[in-house]
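The primary structure of each chain is shown beneath.
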Amino acid sequence: MQQNSSILQERLDDLIKLAFREDIFTGDVATEAIIPIQEEATAIISAKAEGIISGIEVAHRVLNYLGENEFTPLVNDGDRVHPGQELIRMKAKYNVLLSAERTMLNFMQRMSGIATATNQLVAAIEGTGTRLLDTRKTLPGHRYTDKMAVRHGGGLNHRMGLYDMAMLKDNHIKISGGITAAVRNARKQLPISILIEVETSTLEEVKEAVAVGADIIMLDNMSCEMMKQAVDIIGHKAKAEASGNITLERIAQVAATGVDYISVGAITHTVKALDISMNFVQNN
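Residues numbered from 1 in each chain as written. Predicted model: local features only at pLDDT ≥ 70, side-chain atom pairs only at ≥ 80, totals over all residues. Heavy atoms only, no water.

Going by an unreviewed UniProt entry, the protein carries the name Probable nicotinate-nucleotide pyrophosphorylase [carboxylating] and comes from Porphyromonas crevioricanis. Heading Catalytic activity (unreviewed entry) of the UniProt record for the protein holds this comment: "nicotinate beta-D-ribonucleotide + CO2 + diphosphate = quinolinate + 5-phospho-alpha-D-ribose 1-diphosphate + 2 H(+)". (UniProt positions renumbered as here; feature names shortened; annotations may be inferred.)

Dropping the structure here:
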């Protein structure tokens, strides 16, 4: 991600604040009614399914938001975990742990689901030289954490948003009057640090994108045979990115065409959460 890390951390903190505003709002009425605020407890967060863990750092920031705590990670983001494996040991006041529980788990379950799905695809193309990319098809407000989880799963981040890469898709191209005009107009307006990617769906469009000097050429919904031809046309003049209808069953065949990248929206927009839970244990 091509953005100052302090800005991204600030956005994460804003997201955590929003999560607590919608969950706690005016107060955790159950906890406040029955739990003495001064009592401390120890809790363990554990995996209930196998997968790639993501969100350890986020869980710590969530807990810090509510109060002082002792936070001990027992695994690292990006590790493979197994059912019953302990992930985090925490000690804090009961009200801090109880009020933070669901928000911590919500982040960790979603992020770990993304990391796990990403890792399955990454494993399928291991050794090919092709890298897996995410997309902007993320949960609104969760762009940073969704893309963090992709990295923990072994994938790479595509652009963070509309501001850090110029992707000229079919509608941009139609409005501009063609690929050549679209790229030339973008080059006139943008600094050289901004890469220009062009979406193509035919070999003629690939040839035009190469000729006008696109940095990355997206091969959208092409057959594997057509992608091989496109990669030959592109050569080393640009990077080739395959996109559209990418599944676990098909991704190795797509990588075999020689593309540099494969982008998959499903890893962030179709998320199966990893089952994770928190339980209290007797203090030592």
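The next subject is the domain arrangement of the protein. By domain assignment, the protein separates into domain 1 (1–121 + 272–280) and domain 2 (127–269). Taking only C-alpha atoms, the centre of domain 1 and the centre of domain 2 are 33 Å apart. At the interface, 26 residues of domain 1 touch 26 residues of domain 2. Joining domain 1 to domain 2, the criterion identifies 1 salt bridge. With a shortest N-O distance of 2.9 Å, D146 and R110 are connected by a salt bridge. Where domain 1 meets domain 2, there are 5 residue pairs in polar contact (both at pLDDT 80 or more). Among the elements that line the side of domain 1 that touches domain 2, the one with the most residues is helix α4 (residues 94–124), at 10 residues. (Domains from an automatic or database assignment. Contact = heavy atoms within 4.5 Å. Salt bridge = Lys/Arg side-chain N within 4 Å of Asp/Glu carboxyl O. Polar contact = N/O pair within 3.5 Å; in protein donor to acceptor, adjacent residues only side chain to side chain. Helix = DSSP H or I, 4+ residues; strand = E, 2+ residues; numbered from the N terminus.)

Right, let's get into the sheet that holds strand β3 (residues 69–73). Read from one edge to the other, the open sheet built from 4 strands follows the order β3-β5-β1-β12, with strand pairing classed as antiparallel. The open sheet is flanked by β3 and β12 (276–281), the only strands paired with a single partner. On average, each strand axis in the sheet is tilted by 20 degrees relative to the strand beside it, whichever way the strands run. Judged from the 5 bridges that link them, β3 and strand β5 (residues 86–93) form a sheet pairing that is antiparallel. Following the sheet pairing, F71 is matched in β5 by M90. Contacts between helix α3 (residues 56–66) and the sheet are confined to β3 and β5, with β3 contributing the most and set at about 175 degrees to the helix. Packing of α4 onto the sheet brings it into contact with β1 (40–47), β5 and β12, and relative to β12 it is tilted by some 155 degrees. (Pairing = 2+ DSSP bridges. Axes fitted to C-alpha atoms, helices over the stretch in contact; angles between N-to-C directions.)

With that settled, consider helix α7 (residues 179–189). Every buried residue of α7 is accounted for by I179, A182, V183 and A186. One face of α7 carries all of its buried residues, which in axial projection span an arc of 95 degrees. Within α7, the exposed residues directed more than 90 degrees away from the buried face are R184 and K188. Tucked inside the fold, the buried residues of α7 contact β7 (166–168), α6 (170–176), β8 (196–200) and α8 (203–212). (Buried < 20%, exposed > 50% of the residue type's maximum accessible area, 1.4 Å probe, protein only. Arc of directions from axis to C-beta.)

Let us look at the pattern of salt bridges. Side chains bearing opposite charge may pair, as long as their charged atoms lie close to each other. Enumeration according to the criterion identifies 7 salt bridges in this entry. Note that R61 is salt-bridged to D13, the shortest N-O span being 2.8 Å. Of this pair, R61 sits in helix α3 while D13 sits in helix α1 (residues 5–23), and the two are 48 residues apart along the sequence. Assessed through its relative accessible area of 25%, R61 is described here as partly exposed.

Let's shift gears to the packing of α3 against α4. Contact geometry for α3 and α4: axes closest at 9 Å, N-to-C directions at 160 degrees. The angle between α3 and α4 falls in the class roughly antiparallel. Here α3 and α4 pass one another in a crossing that is right-handed. Two secondary-structure elements touch here, α3 through I56, V58, A59, V62, L63 and L66 and α4 through V96, L97, S99, A100, T103, M104, F107, M108 and M111. (Parallel < 35°, antiparallel > 145°, perpendicular 65-115°, else oblique. Left-handed = near helix turned anticlockwise from the far one by under 90°.)

With parallel pairing, 6 strands are arranged side by side in an open sheet as β6-β11-β10-β9-β8-β7. In this open sheet, the two edge strands, each paired with only one partner strand, are β6 (131–133) and β7. Pairwise comparison of adjacent strand axes, ignoring direction, gives a mean angle of 25 degrees for this sheet. For β7 and β8, the ladder comprises 3 bridges, and the chain directions are parallel. Pairing of M167 across the sheet is with E197, part of β8. Most of the contacts of α7 go to β8, to which it runs at about 165 degrees, and overall it touches β7 and β8.

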